[in-house]
Amino acid sequence: MKKILILVVTLGFLSCNSKISQIENVATFKGQQLTGLTVSEEGRIFANFPRWREAVSNSVVEVFENGKSSAYPNQQWNSWEIGNTLSDSVFVAVQSVVAFENTLYVLDTRNPLFKGVVDNPKIFAFDLSTNQLLKTYTLSKGSFYKNSYINDLRVDKKKDKIYLTDSGRAGIVVLDISSGTSFRVLDNHKSTLAETNQLTFSNGVWKNTVHSDGIALDTKNDLLYYHALTAYNLYAISTDKLTLENTSEIEKSVKHIAKTSAPDGMILDKLGNLFFGDLENNKIMKLNISTGETTTVAQGDKIKWADTFSIYNNELFYTNSRINEAQGDISEMEFSINKIKIN
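Here the structure is a predicted model, which is why all the values come from computation and not from measurement.

### Some thoughts on the overall build of the chain
Item 1. Scanning the chain for helices and strands turns up three helices and 26 strands.
Item 2. The globule rule puts the C-alpha radius of gyration for 343 residues at 20 Å, and the 20 Å found for the chain is close to it.
Item 3. When the 343 residues of the chain are sorted by exposure, 56% land in the buried category.
Item 4. At a minimum sequence separation of 6, the contacts of the chain that also span at least 24 residues come to 48%.
Item 5. Summing over all exposed atoms, the chain offers an accessible surface of approximately 15300 Å²; the carbon and sulfur share of this is 48%.
Item 6. Put simply, the chain has 36 plus and 38 minus side-chain charges, and the middle of one group is 4 Å from the middle of the other.

As structure tokens, then:
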């Protein structure tokens, strides 16, 4: 019986380690906390560093195969510091980057140090062929608040829209790509509001209230999935309804999809699987939307607040932003981009 017990424990240990061993490091950044990540159709990797502290070396970088990185699109765009003059040719407080087709969308919250929006939040769109700025989208008055923290975005070419979450003030912003105008929906709605003011980790309790955060787009079925960070429920809404600008119709079309772990970012693959983190348990999860089945993709110490995801060549890339750990001096902490093969 003792031998059988040892064998079971050993197999369990090996099973856990096999999940960890699949994870490969792409790049590591010491003393620079990253959140956003995206991989283009050509395999180019981009990452961003939010201005949650004053010592941010670069807001956006391109990461190369050797793990090294450089300021994107150049150093000038990344030269802004606290107290400097604002302009439309510098990054101020970037929260996410999204590569869609041949364009890199850089989401600038314009809310440095979480002290409030100092300028209308913006999306800078860069041509990945030339690395030149194509267009700047500035959120319209009324679509954000002073305490807004515009968090993530998805591009809907089919509807000519960009959808954005606001984690500082619960809600979703819809931006029209052609006109550049934006409007706000689901403002302080149950589905966009946080459900708790804390998350529990093995090393203690992280106290914070974070509203609508993760977002994923299904263009085949015209659905936008979204989730508050400090919450345990996933919702979706018809993008057909979102484009109507009808508040009552939008709110009536909200669907509860599933009970989940507390995640940060999310991504939907072409097979209809939604990948997201289980922040409190150092896991990456997969929800099969069609069956409702949730499985663990990976777990362990190589997953420390899986923040943002991107899929390229059957590999799931993610960032370790270690938000619950990074409460003081982070100069000796390491933050990483990792990847894992998926089916």
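Now that the structure is up, let's keep going.
### Describing the packing of aromatic side chains
Item 1. Inspection of every chain in the model, using the stated rule, returns 14 aromatic pairs.
Item 2. For the pair Y72 and F126, a centre-to-centre distance of 5.8 Å together with 75 degrees between the ring planes defines the contact as edge-to-face. A residue pair is termed long-range when its members are at least 10 positions apart, and Y72 in the loop between β5 (69–71) and β6 (94–100) and F126 in strand β8 (residues 122–127) qualify at 54 residues. Accessibility assignment for this pair places Y72 and F126 in one class, buried.
Item 3. Linked through ring pairs, F46, Y72, W77, F91, F124 and F126 together constitute an aromatic cluster.
Item 4. A cation sits over an aromatic face here: R169 above Y145, 3.7 Å from the ring centre.

### A short note on the sheet that holds strand β3 (residues 45–48)
Item 1. Read from one edge to the other, the open sheet built from four strands follows the order β2-β3-β4-β5, with strand pairing classed as antiparallel. One side of each edge strand has no neighbouring strand; the edge strands of this open sheet are β2 (37–39) and β5. This sheet shows a mean twist of 25 degrees between the axes of neighbouring strands, independent of strand direction.

### Structural notes on the environment of L274
Item 1. Secondary-structure assignment places L274 in strand β21 (residues 273–278).
Item 2. The sequence separation of L274 and S248 amounts to 26 residues, and the corresponding C-alpha distance is 28 Å.
Item 3. If we skip the residues at most four places from it in the chain, L274 touches A216, L234, M266, I267, L268, M285, K286, L287 and I289.

### Details of the environment of A170
Item 1. Tracing the chain through its elements places A170 in the loop between β11 (161–166) and β12 (171–176).
Item 2. Sequence spacing of A170 and K190 is 20 residues, and the spatial spacing of their C-alpha atoms is 8.9 Å.
Item 3. Setting aside residues no more than four positions away along its own chain, A170 makes contact with R184, L186, D187, N188, T192, L193, H211 and S212.

### Re the confidence of the model for the chain
Item 1. In this model, the chain carries an average pLDDT of 93, and 94% of its residues clear a pLDDT of 70 or more.
Item 2. Here residues 1–21 scores under 50 on pLDDT; set against residues more than four positions off or in separate chains, the count is eight contacts.

### Some points on the pairing of strand β7 (residues 103–108)
Item 1. Most of β7 sits out of view: six of its six residues are buried.
Item 2. Alternating positions in β7 separate into two faces, T103, Y105 and L107 on one and L104, V106 and D108 on the other, with burial throughout.
Item 3. Note: β6 against β7, six bridges, orientation antiparallel. When the sheet's bridge partners are listed, S96 is paired in β7 with L107.
Item 4. Turn length for the β6-β7 hairpin, with the two strands adjacent in sequence and antiparallel, is two residues, and the turn residue E101 shows positive phi of about 55 degrees.
Item 5. Pairing of β7 with β8 involves six bridges; the strand directions are antiparallel.

### Here's the deal with unusual backbone geometry
Item 1. The omega torsion of the bond from Y72 to P73 falls at -5 degrees, within 30 degrees of zero and hence cis.
Item 2. Tracing the backbone through its elements, the reader meets P73 in the loop between β5 and β6.
Item 3. One non-glycine residue, N188, lies in positive phi territory at about 55 degrees.
Item 4. Residue position: N188 is located in the loop between β13 (182–185) and β14 (198–201).
Item 5. For N188, a relative accessible area of 38% gives the class partly exposed.
Item 6. Residues other than glycine seldom take positive phi values, yet W305 does so here, at roughly 60 degrees.

### What about the side chain of R322?
Item 1. Relative to the helices and strands, R322 resides in the loop between β25 (315–320) and β26 (334–341).
Item 2. Taking the relative accessible area as the measure of exposure, R322 reaches 14% and is therefore buried.
Item 3. When sequence neighbours within four positions are dropped, the list of residues in contact with R322 reads Q33, K304, W305, M333, E334 and F335.

### Brief notes about the nonpolar core
Item 1. Judged by nonpolar contacts, the single largest core of 18 residues is most densely connected at F29, L34, I45, V63, F317 and I337.
Item 2. Counting residues per element, the ones that place at least two in this core are β1 (24–30), β2, β3, β4 (60–63) and β26.
Item 3. In terms of residue count, the dominant contributor to this core is β1 (three residues).
Item 4. With 17 residues, the next largest nonpolar core counts Y105, I162, L175 and I177 among its residues.

### What about the sheet that holds strand β20 (residues 266–268)?
Item 1. A sheet is described by the order of its strands in space; here four strands give the open sequence β20-β21-β22-β23, paired in antiparallel fashion. Because the sheet does not close on itself, it has two edges, and the strands there are β20 and β23 (294–299). The mean inter-strand angle of the sheet, taken between neighbouring strand axes irrespective of direction, is 25 degrees.
Item 2. By the bridge criterion, three bridges tie β20 to β21 in an arrangement that is antiparallel.

Reading guide: rules and limits
Residues numbered from 1 in each chain as written. Predicted model: local features only at pLDDT ≥ 70, side-chain atom pairs only at ≥ 80, totals over all residues. Heavy atoms only, no water. Helix = DSSP H or I, 4+ residues; strand = E, 2+ residues; numbered from the N terminus. Rg over C-alpha atoms; globule rule 2.2 N^0.38 Å. Buried < 20%, exposed > 50% of the residue type's maximum accessible area, 1.4 Å probe, protein only. Contact = heavy atoms within 4.5 Å. Areas by Shrake-Rupley, 256 points an atom, 1.4 Å probe, with all protein chains shown as cover. Lys, Arg positive; Asp, Glu negative; His and termini not counted. Charge placed at Lys NZ, Arg CZ, Asp CG, Glu CD. Phe/Tyr/Trp six-rings, centres within 6.5 Å; stacked < 30°, edge-to-face > 60°. Lys NZ or Arg CZ within 6 Å of the ring centre and 35° of its normal. Pairing = 2+ DSSP bridges. Axes fitted to C-alpha atoms, helices over the stretch in contact; angles between N-to-C directions. pLDDT = per-residue confidence, 0-100. Core = buried A, V, L, I, M, F, W, Y, C linked by side-chain atoms within 4.5 Å.

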